[in-house]
Amino acid sequence: DTEVTQTPKHLVMGMTNKKSLKCEQHMGHRAMYWYKQKAKKPPELMFVYSYEKLSINESVPSRFSPECPNSSLLNLHLHALQPEDSALYLCASSQGKQGAHTQYFGPGTRLTVL
Amino acid sequence: AQKVTQAQTEISVVEKEDVTLDCVYETRDTTYYLFWYKQPPSGELVFLIRRNSFDEQNEISGRYSWNFQKSTSSFNFTITASQVVDSAVYFCALSEATGDDKIIFGKGTRLHILP
């Protein structure tokens with residue numbers, strides 16, 4: 001089973017709202033990732049968690065706040081977003097954060113910021 | 001520095017034709033990993049294959065085949081007898097064993113299979 005689930009599938013929010021994206025995997029993977037993907041572009045890495053600790057933050061603005069409550073769950077808390085933050089947000093997981101491990105992706109959350 | 005180039009931005013072929021998606025990579029590492037992912041209109045990135053730098057064997061999986069050539073730093077992907085369901089964006093990606101644990105994606109090739 002290589003399933004990563006993400007909720008919600010679609011999210012529309014205003015610039016003053018607070019919302020959260022959720023990601024879950026039950027493959028026993030110890031690394032989890034958040035990516036942002038704009039239309040017609042490849043995914044851009046935002047954050048990496050390894051063994052529930054934040055290991056990479058790609059200089060993401062503080063209005064994006066990741067959280068890893070346990071090894072199966074990954075959240076992305078959103079606050080005071082801008083319209084340019086509208087994108088597809090993809091979660092991924094892998095056995096470890098070294099490059100040898102394949103990342104498996106969820107279906108994504110399509111975020112629209114009004 | 002690591003880099004992945006997918007020179008074909010968009011390709012259109014008629015159903016049942018064969019199509020090859022090109023991928024050229026750059027890396028200084030001797031140990032690295034190459035990937036292909038498929039992204040249909042629904043948005044999910046679907047893992048297709050991983051190849052490590054020590055394994056130059058070509059691989060075939062049904063209508064899909066991959067040709068890895070270290071001499072030309074290429075990892076090309078061929079779909080035989082294409083089908084409409086193959087329409088998607090295909091990303092080639094690279095990660096290094098001694099790098100910063102990131103996957104570097106190419107810009108993707110958008111493939112249209114016309115009925």
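Let me sum up the structure you'll find in this document. (Residues numbered from 1 in each chain as written. Chains lettered and ligands numbered in written order. Predicted model: local features only at pLDDT ≥ 70, side-chain atom pairs only at ≥ 80, totals over all residues. Heavy atoms only, no water.)

## Some remarks on the environment of Leu73(A)
All names here are of chain A. If you trace the backbone, leucine 73 turns up in strand E8 (residues 73–79). Exposure remark for leucine 73: the relative accessible area of 27% places this residue in the partly exposed category. Each C-alpha atom, one on leucine 73 and one on glutamine 37, is 21 Å from the other, the two residues being 36 residues apart in sequence. (Helix = DSSP H or I, 4+ residues; strand = E, 2+ residues; numbered from the N terminus. Buried < 20%, exposed > 50% of the residue type's maximum accessible area, 1.4 Å probe, protein only.)

## Some points on the state of the cysteines
Scanning all chains against the criterion turns up 2 disulfides over all chains. Here Cys23(A) is linked by a disulfide to Cys91(A), with a sulfur-sulfur distance of 1.8 Å. Taking the torsion about the sulfur-sulfur bond, which here is approximately -70°, the covalent link between Cys23(A) and Cys91(A) counts as left-handed. Taken together, the residues span a long stretch of sequence, with Cys23(A) in strand E3 (residues 18–25) and Cys91(A) in strand E9 (residues 87–94) at a distance of 68 residues. Judged by relative accessible area, which is 1%, Cys23(A) ranks as buried. Two residues, Cys23(B) and Cys92(B), share a disulfide whose sulfurs are 2.0 Å apart. Between Cys23(B) and Cys92(B) the disulfide shows an S-S torsion of about -65°. By sign, it is left-handed. Linking Cys23(B) in the loop between strand E3 (19–21) and strand E4 (24–26) with Cys92(B) in strand E10 (residues 88–96), this pair joins segments that are 69 residues apart in sequence. No disulfide involves Cys68(A); its sulfur sits 9.2 Å from the nearest other cysteine sulfur, which is in Cys23(A). (Disulfide = S-S within 2.5 Å.)

## Quick look at unusual backbone geometry
Residue and element names in this part refer to chain A. The omega torsion of the bond from threonine 7 to proline 8 falls at -10°, within 30 degrees of zero and hence cis. With respect to the helices and strands, proline 8 occurs in the loop between strand E1 (4–7) and strand E2 (10–13). The backbone of serine 59 sits at a positive phi, close to 55°, despite the residue not being glycine. Take serine 59: it is sitting in the loop between strand E6 (53–57) and strand E7 (64–70).

## A few points about the environment of Lys3(B)
All names here are of chain B. Residue position: lysine 3 is located in strand E1 (residues 3–5). C-alpha of lysine 3 to C-alpha of alanine 93: the two residues are 90 residues apart in sequence and 8.8 Å apart in space. In this structure, lysine 3 is in contact with Val24, Tyr25, Glu26 and Leu94, ignoring residues within four places of it in sequence. (Contact = heavy atoms within 4.5 Å.)

## Notes on the packing of aromatic side chains
To describe a pair of aromatic rings, one takes the distance between the centres and the angle between the planes. Inspection of every chain in the model, using the stated rule, returns 19 aromatic pairs over all chains. When the centroid spacing of 5.9 Å and the interplanar angle of 35° are considered together, the rings of Phe64(A) and Tyr89(A) count as tilted. With Phe64(A) in strand E7 and Tyr89(A) in strand E9, the pair connects residues that are 25 residues apart, well separated along the chain. For the ring pair Tyr64(B) and Trp66(B), a centre distance of 6.0 Å and an interplane angle of 85° mean the geometry is edge-to-face. (Phe/Tyr/Trp six-rings, centres within 6.5 Å; stacked < 30°, edge-to-face > 60°.)

## Considering the interface of chain B and chain A
If you look at the interface, chain B gives 22 residues, while chain A gives 23 residues. Carbon and sulfur atoms supply 53% of the area buried between chain B and chain A, which totals about 1,800 Å² over both sides. Counting across the interface, chain B meets chain A through 1 salt bridge. At the junction of chain B and chain A, the tally comes to 5 residue pairs in polar contact (both at pLDDT 80 or more). For the side of chain B that touches chain A, the secondary structure elements donating two or more residues are strand E5 (32–39), strand E6 (46–52) and E10 of chain B. If one sorts the elements of the side of chain B that touches chain A by residue count, E5(B) sits on top with 4 residues. A class-by-class count of the residues in the side of chain B that touches chain A yields 9 nonpolar, 5 polar and 8 charged. (Buried area = accessible area lost by both parts, 1.4 Å probe. Salt bridge = Lys/Arg side-chain N within 4 Å of Asp/Glu carboxyl O. Polar contact = N/O pair within 3.5 Å; in protein donor to acceptor, adjacent residues only side chain to side chain. Nonpolar A, V, L, I, M, F, W, Y, C, P; charged D, E, K, R; others polar.)

## Side note on the pairing of strand E4 (residues 31–37) of chain A
All names here are of chain A. For E4, the buried fraction is high: 7 of the 7 residues fall into the buried class. Neither face of E4 is exposed, since Ala31, Tyr33, Tyr35 and Gln37 on one face and Met32, Trp34 and Lys36 on the opposite face are all buried. Linking two consecutive strands that pair antiparallel, namely E4 and strand E5 (residues 44–50), is a turn of 6 residues; a positive phi of about 65° is found at lysine 40 within it. Bridging between E4 and E9 involves 7 bridges; their strand directions are antiparallel. From the neighbouring strand, glutamine 37 faces E9, where its bridge partner is leucine 88. (Pairing = 2+ DSSP bridges.)

## Details of the sheet that holds E3(A)
All names here are of chain A. Ordered by their spatial adjacency, 4 strands build an open sheet running E1-E3-E8-E7, and the pairing between neighbours is antiparallel. Either end of the sheet is taken by a strand with one partner, and the two such strands are E1 and E7. Strand-to-strand twist in this sheet, taken as the mean axis angle between neighbours without regard to direction, amounts to 20°. In the sheet, E1 pairs with E3 via 4 bridges, with the strands oriented antiparallel. Of the residues in E3, the one forming a bridge with valine 4 is glutamine 25. (Axes fitted to C-alpha atoms, helices over the stretch in contact; angles between N-to-C directions.)

By themselves these figures say nothing about function.
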